[in-house]
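Observations on the model geometry
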Amino acid sequence: IAQEISAVFDPDTNKVIVAYNHYGNSSTGLVVIGTVTGGSTNTISFGTPVNSGFPVTNFSNPKLAYDSNLNKVIIVYRSVVSSPKLYVSALTIDGANSTYTHDFSATVREGDQNLNFNVVFDSTNNKIVVIYSDNGNADYGTAVVGTVSATGIILGTPVVFESADVSQDISA
């Protein structure tokens, strides 16, 4: 059963990337690549859903952004195990084969059930910005800036942008 579905378009490969929680299989995080064809039918075909390198089995609430600087799909998701974490990963899409490679991951936040979060890409500064309600800090609105490189993701220091409960208000 597919739950918690998110998608983004990769303009470099002309593919749609869909990430979701495969609820019937230990809540495994899966990614599937779609190809849109034009003409009068406007159809989409998908490759095989795969999990390649996500560091969790209890994958939840994926959010996606496209890094136009490095041509990578950025995915933020959480683990819902006894020691919950919020992760960010970078994926490289192979447009010819409708597959992806999991490049690397970093931990955004550890130890709390951060249910509400999102990610955006800042193309002016070539940075990602992860926003979340910090369950460990009264659900205050918090943001962290990250730099994605060819070899990893470096995250800055989280900063509170709203000293109030934003647990129902996070979106991008």
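Note: the structure precedes this text.
Summary of the structure given here. Predicted, not measured: the structure shown is a model, and the values here were computed from it.

1. A closer look at the side chain of Lys72
Mapped onto the secondary structure, Lys72 falls in strand β6 (residues 72-79). Overall, Lys72 belongs to the buried group, its relative accessible area being 9%. Looking at Lys72, its side chain comes within polar contact range of the side chain of Thr92, at 2.9 Å. For Lys72, the side chain forms a polar contact with the side chain of Asp103, separated by 2.8 Å. When neighbours within four sequence positions are excluded, Lys72 is seen to be in contact with Ala65, Tyr66, Asp67, Ala90, Leu91, Thr92, Asp103, Phe104, Val148 and Ser149.

2. Notes on the sheet that holds strand β8 (residues 99-110)
In spatial order, the strands read β5-β6-β7-β8; together these 4 strands make up an open sheet with antiparallel pairing. If you trace the sheet from one side to the other, it starts and ends with β5 (59-67) and β8, each paired once. On average, adjacent strands in this sheet sit at an angle of 20 degrees to one another, irrespective of strand direction. Bridge count for β5 against β6 is 7 bridges, and the pairing is antiparallel. Within β6, the residue paired with Ala65 across the bridge is Ile74.

3. Some words on unusual backbone geometry
Despite not being glycine, Asn61 shows a phi value in the positive range, around 50 degrees. Classification of Asn61 as buried rests on a relative accessible area of 15%. The phi dihedral of Asn71 is positive, around 55 degrees, even though this residue is not glycine. As for its placement among the helices and strands, Asn71 is situated in the loop between β5 and β6. Classification of Asn71 as partly exposed rests on a relative accessible area of 34%.

4. Details of a nonpolar patch on the surface
On the surface, Val36, Ile44 and Phe46 cluster together into a nonpolar patch covering about 270 Å² of accessible area. Positionally, Phe46 belongs in strand β4 (residues 43-46).

5. Quick notes on the pattern of salt bridges
The tally for this structure, following the rule as stated, stands at 2 salt bridges. Here Asp103 and Lys72 are joined by a salt bridge, their closest N and O atoms 2.8 Å apart. Of this pair, Asp103 sits in strand β8 while Lys72 is found in strand β6, placing the two residues 31 residues apart along the sequence. One salt bridge in this structure joins Asp134 and Arg109, with 2.9 Å as the shortest N-O distance. On the criterion of sequence distance, the pair formed by Asp134 in strand β10 (residues 127-134) and Arg109 in strand β8 is long-range, its members being 25 residues apart. Residue Asp134 is classed as buried on the basis of its relative accessible area of 8%.

6. A few points about the environment of Asp165
Topologically, Asp165 is positioned in strand β13 (residues 159-165). In sequence terms Asp165 and Gly141 are 24 residues apart; their C-alpha atoms lie 7.0 Å from each other. Non-local contacts of Asp165, meaning those with residues more than four positions away in its chain, are made with Ala138, Asp139 and Tyr140. There is a polar contact of 2.7 Å between the side chain of Asp165 and the side chain of Ser167.

7. Notes on the pairing of β5
Where burial is concerned, most of β5 is hidden: 8 out of the 9 residues are buried. In this antiparallel pair of consecutive strands, β5 and β6, the connection spans 4 residues, and Asn71 shows a positive phi of 55 degrees.

8. A look at the environment of Thr147
The residue Thr147 is located in strand β11 (residues 140-148) in this model. On the accessibility criterion, Thr147 (29% relative accessible area) is partly exposed. Separated by 18 residues in sequence, Thr147 and Val129 place their C-alpha atoms 9.0 Å apart. Once residues within four sequence positions are removed from consideration, Thr147 is found in contact with Lys127, Gly152, Ile153 and Ile154.

Conventions and cut-offs
- Residues numbered from 1 in each chain as written.
- Predicted model: local features only at pLDDT ≥ 70, side-chain atom pairs only at ≥ 80, totals over all residues.
- Heavy atoms only, no water.
- Helix = DSSP H or I, 4+ residues; strand = E, 2+ residues; numbered from the N terminus.
- Buried < 20%, exposed > 50% of the residue type's maximum accessible area, 1.4 Å probe, protein only.
- Polar contact = N/O pair within 3.5 Å; in protein donor to acceptor, adjacent residues only side chain to side chain.
- Contact = heavy atoms within 4.5 Å.
- Pairing = 2+ DSSP bridges.
- Axes fitted to C-alpha atoms, helices over the stretch in contact; angles between N-to-C directions.
- Patch = residues over 30% accessible without salt bridge, like charges linked within 9 Å, V, L, I, M, F, W, Y side chains within 5 Å.
- Areas by Shrake-Rupley, 256 points an atom, 1.4 Å probe, with all protein chains shown as cover.
- Salt bridge = Lys/Arg side-chain N within 4 Å of Asp/Glu carboxyl O.

Function cannot be inferred from these measures alone, as they are strictly geometric.
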